[in-house]
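Summary of the model geometry
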Amino acid sequence: GESVGLHLPTLSVQEGDNSIINCAYSNSASDYFIWYKQESGKGPQFIIDIRSNMDKRQGQRVTVLLNKTVKHLSLQIAATQPGDSAVYFCAEKNNQGGKLIFGQGTELSVKP
Amino acid sequence: NAGVTQTPKFRILKIGQSMTLQCAQDMNHNYMYWYRQDPGMGLKLIYYSVGAGITDKGEVPNGYNVSRSTTEDFPLRLELAAPSQTSVYFCASRVAGANEQFFGPGTRLTVL
């Protein structure tokens, strides 16, 4: 069946360093992927998305890379800041009703 | 716009009690979703709706019911609360043709 998972449950980085959060997916037919950020006690917040016909997409301090050959998705955060501390989820879009399938999440901790 | 709003923020139920979690959005979004998030886990889809009068089951619908009488509101009903339903519940919505889902702040439910 479909599944979206993350390689590491926790990631600790120094303030100012770059962060890389990884995600594996199993459904090669998925055509859309999303990264969400969830701060403690809040709902998920959209960060960036990418369609399956793209390899890379950049936003403000964030970049998403998609490797369809190995079914791998990554989120890169440049110059990580304390405000980036949160749980990050990747999600895969199901064409039926636009349903999202979420991975477990990676908790990013930024050390000052 | 207030976006997606959820009430209550917190609730404690006894086993066997019933309650309705409220969700409303003022963005005129056709699609609405209910997720639950267990500790340290990603979000799992309970029910979703593609428009007023139309609802469908998600991944974990057992023990829940929904209705969608208006575009704005999408309440989630628990008829006989069980400890396994202790979780944080998130409502989300999106506009037709777009992929990003907007999430509410969540309702933390404890069943004792």
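Residues numbered from 1 in each chain as written. Chains lettered and ligands numbered in written order. Predicted model: local features only at pLDDT ≥ 70, side-chain atom pairs only at ≥ 80, totals over all residues. Heavy atoms only, no water.

On to the interface of chain B and chain A. Counting residues at the interface gives 19 residues for chain B, matched by 20 residues for chain A. Regarding the contact of chain B and chain A, the summed buried area is about 1500 Å², with carbon and sulfur atoms giving 54% of it. The largest per-residue losses of area from chain B upon contact with chain A belong to L43, N99 and F103 of chain B, which jointly make up 34% of the total buried on that side. Put simply, chain B and chain A have 0 salt bridges between them. Where chain B packs against chain A, one counts 3 residue pairs in polar contact (both at pLDDT 80 or more). Per-element tally for the side of chain B that touches chain A: the top contributor is strand β4 (residues 31–37) of chain B, with 4 residues. For the side of chain B that touches chain A, the class distribution of residues is 10 nonpolar, 6 polar and 3 charged. (Contact = heavy atoms within 4.5 Å. Buried area = accessible area lost by both parts, 1.4 Å probe. Salt bridge = Lys/Arg side-chain N within 4 Å of Asp/Glu carboxyl O. Polar contact = N/O pair within 3.5 Å; in protein donor to acceptor, adjacent residues only side chain to side chain. Helix = DSSP H or I, 4+ residues; strand = E, 2+ residues; numbered from the N terminus. Nonpolar A, V, L, I, M, F, W, Y, C, P; charged D, E, K, R; others polar.)

Residue and element names in this part refer to chain A. Within the element layout of this structure, S26 appears in the loop between β3 (19–25) and β4 (32–38). Since its relative accessible area comes to 29%, S26 is described here as partly exposed. Considered as a pair, S26 and A79 are 53 residues apart in the sequence and their alpha carbons are 30 Å apart. (Buried < 20%, exposed > 50% of the residue type's maximum accessible area, 1.4 Å probe, protein only.)

Applying the stated rule across the entire model yields 6 salt bridges over all chains. We note a salt bridge from D38 of chain B to R36 of chain B, for which the minimum N-O separation is 2.8 Å.

With that out of the way, let us pick up the state of the cysteines. All told, the structure shown has 2 disulfides over all chains when counted by the stated rule. Bridging C23 of chain A to C90 of chain A, the disulfide has an S-S length of 1.9 Å. What sets the handedness of the C23 of chain A and C90 of chain A disulfide is the S-S torsion sign, and at about 60° it is right-handed. Here C90 of chain A lies in strand β9 (residues 86–93) and C23 of chain A lies in strand β3, a separation of 67 residues in the sequence. Both residues of the pair, C23 of chain A and C90 of chain A, belong to the buried class. The side chain of C23 of chain B participates in a disulfide bridge whose partner is C91 of chain B; the two sulfur atoms lie 1.8 Å from each other. (Disulfide = S-S within 2.5 Å.)

Quick look at unusual backbone geometry now. Geometrically, the link from T7 of chain B to P8 of chain B is a cis peptide bond, its omega value of -5° lying close to zero. Locating P8 of chain B in the fold gives a position in the loop between β1 (4–7) and β2 (10–13). Residue R61 of chain A is not a glycine yet carries a positive backbone phi of 65°. With respect to the helices and strands, the residue R61 of chain A is situated in the loop between β6 (56–58) and β7 (62–67). Residue R61 of chain A is classed as partly exposed on the basis of its relative accessible area, which comes to 29%. Positive phi, normally seen in glycine, also occurs at A79 of chain A, with a value near 50°. Residue placement: A79 of chain A occurs in the loop between β8 (72–77) and β9. We classify A79 of chain A as partly exposed; its relative accessible area is 36%.

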